[in-house]
Amino acid sequence: MTEIPTIEKPAQRGAITSLIDIVFPGDTNHHGTLFGGTGLALMDRVAFIAATRFGRAPFVTASCERIDFRQPARIGHIVEFTARPVRAGRRSLTVEVEMVAETIVGRQRHTCTKGIFHMVAVPEGENASSYALPVLAPEETREATETVAMVEIVFPDQANSVGRMFGGEAIAYMTKAAFVAASRYSGKLVVLASSERIDFARSIEIGEIVEAVAHVTRVGRSSMSIETKLWSENLLTGERHITATGHFTMVAVDTDHRLVPVRDSAPAHPAPYQGRA
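Residues numbered from 1 in each chain as written. Predicted model: local features only at pLDDT ≥ 70, side-chain atom pairs only at ≥ 80, totals over all residues. Heavy atoms only, no water.

*Asks:* Lay out the overall build of the protein in plain terms, naming residues and giving numbers.
*Replies:* Secondary structure assignment for the protein yields two helices and eleven strands. Listed by position from the N terminus, the elements making up the protein come as β-α-β-β-β-β-β-α-β-β-β-β-β. Sorting the 277 residues of the protein into buried and exposed places 45% on the buried side. Contacts in the protein between residues far apart in sequence, at least 24 positions, make up 73% of those at least 6 positions apart. Per element, the accessible surface of the protein, about 14,000 Å² overall, is 51% carbon and sulfur. (Helix = DSSP H or I, 4+ residues; strand = E, 2+ residues; numbered from the N terminus. Buried < 20%, exposed > 50% of the residue type's maximum accessible area, 1.4 Å probe, protein only. Contact = heavy atoms within 4.5 Å. Areas by Shrake-Rupley, 256 points an atom, 1.4 Å probe, with all protein chains shown as cover.)

Below you can see the structure in the form of structure tokens.
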């Protein structure tokens, strides 16, 4: 494997962290809406990631409050969970989490719920007794961007016998980021047409954060090329590496699986798409 140098600047303390997923039938009730417990679990997970990025210590959830579900997320929706630290004590951190659902076609967004999570640092090692959270810096304005950045944690069921993330799991996560980027760019249903060779520069350990960063690099009539970089990040040190880079081709289709223009202004002469979803 080719080693990629570690970037010098870790994820910014206090910055917004986003976890993005897609609602599949197995995560929904008989009404076709996301289980509330599943939504809460993902909110807690992104709060944990945001807290750990801020404090660079192990955290536990002490409590959560003010979580009222206003609207549901349905099968096929993209769901985005954003977390930002809003108040820091010596070892306690308050994290605000918002859950937003987004339709793929038309990009209609609505807030499902917001909540407050109180996290507590439980430092380990010889310096644990003197540990204190850093001062929470003033929040910086978040710039609008077409780039999709989504985080997740590597769990044991995603790893092989030596504790390293399966390559197939990493590729699936990169493909999901490419799908979200293409869907948001086009506002259409998209399917994967092809992917170029992916070389893994290093392994990803259980417990590390993986962050997939995807953006559209080229647009054809019905196709889009998306570059996706997969970063791995040590939870406690913030050390980050580029693990893999991949290029994916997504095509826009209608509900009958026929090719449609990425842009509505383009002339439409749909033909059946024979690729794989």
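Next, the rest of the story.
*Asks:* A description of the sheet that holds strand 1 (residues 17-22) should follow, citing residues and the corresponding values.
*Replies:* In space, the five strands of this open sheet follow the order 1-3-4-5-2, with antiparallel pairing throughout. Of all the strands in the sheet, the pair left with one neighbour each is strand 1 and strand 2 (59-65). Pairwise comparison of adjacent strand axes, ignoring direction, gives a mean angle of 30 degrees for this sheet. The pairing of strand 3 (residues 78-88) with strand 4 (residues 92-102) spans ten bridges and is classified as antiparallel. Following the sheet pairing, Ile78 is matched in strand 4 by Glu102. Across the sheet, helix 2 (residues 167-186) lies against strand 1, strand 3, strand 4 and strand 5 (109-121), angled at about 90 degrees from strand 1, the strand it touches most. (Pairing = 2+ DSSP bridges. Axes fitted to C-alpha atoms, helices over the stretch in contact; angles between N-to-C directions.)

*Asks:* Outline the packing of aromatic side chains, supporting the account with residue identities and numerical values.
*Replies:* This model, assessed by the stated rule, comprises zero aromatic pairs. One cation-aromatic arrangement involves Arg240 over Trp231; the distance from NZ or CZ to the ring centre is 4.8 Å. (Phe/Tyr/Trp six-rings, centres within 6.5 Å; stacked < 30°, edge-to-face > 60°. Lys NZ or Arg CZ within 6 Å of the ring centre and 35° of its normal.)

*Asks:* So what's going on with helix 2? Residues and values would help.
*Replies:* Across its 20 residues, helix 2 extends 29 Å between first and last C-alpha, which sits within 8% of the 28 Å expected from 1.5 Å per residue. Backbone geometry just downstream of helix 2 places Gly187 in the positive-phi region, at approximately 70 degrees. (Expected span 1.5 Å × (residues − 1).)

*Asks:* Talk me through the environment of Thr94; I want residue IDs and the actual numbers.
*Replies:* Its location among the elements puts Thr94 in strand 4. In this structure, the C-alpha to C-alpha distance between Thr94 and Ala51, residues 43 residues apart in sequence, is 8.4 Å. Those residues within four positions of Thr94 in sequence are excluded, and the remaining contacts are Arg84, Pro85, Val86, Arg87, Ile116, Phe117 and His118.

*Asks:* How would you explain the pattern of salt bridges if you had to name every residue and give the values?
*Replies:* This model, assessed by the stated rule, comprises 16 salt bridges. When the shortest N-O distance is used, the salt bridge between Glu102 and Arg109 registers 2.7 Å. For Arg109, a relative accessible area of 43% translates into the label partly exposed. Glu102 is the salt-bridge partner of Arg184, the closest N and O atoms lying 3.2 Å from each other. Of the two residues, Arg184 is situated in helix 2 and Glu102 in strand 4; the sequence distance between them amounts to 82 residues. The structure contains a network of salt bridges with shared partners spanning Arg53, Arg56, Glu211, Glu233 and Arg240. (Salt bridge = Lys/Arg side-chain N within 4 Å of Asp/Glu carboxyl O.)

*Asks:* Could you give me a rundown of unusual backbone geometry, with the residues and numbers involved?
*Replies:* The phi dihedral of Arg56 is positive, around 50 degrees, even though this residue is not glycine. Residue position: Arg56 is located in the loop between helix 1 (36-55) and strand 2. Positive phi, close to 65 degrees, is recorded for His257, a residue that is not glycine. Here His257 lies in the segment after strand 11 (240-253). Residue classification places His257 among the partly exposed residues on the basis of a relative accessible area of 31%.

*Asks:* Hey, could you go over helix 1 for me, with residue numbers and the actual values?
*Replies:* It helps to recall that an α-helix has 3.6 residues per turn; residues three or four apart then point in one direction. Over its 20 residues, helix 1 runs 28 Å from end to end, which matches the ideal 28 Å to within 8%, given 1.5 Å per residue. Every buried residue belonging to helix 1 is among Gly39, Leu42, Met43, Val46, Ala47, Ile49, Ala50, Ala51, Thr52, Arg53, Phe54 and Gly55, and all of these are buried. Residue Arg56 follows helix 1 closely and has a positive phi angle near 50 degrees.

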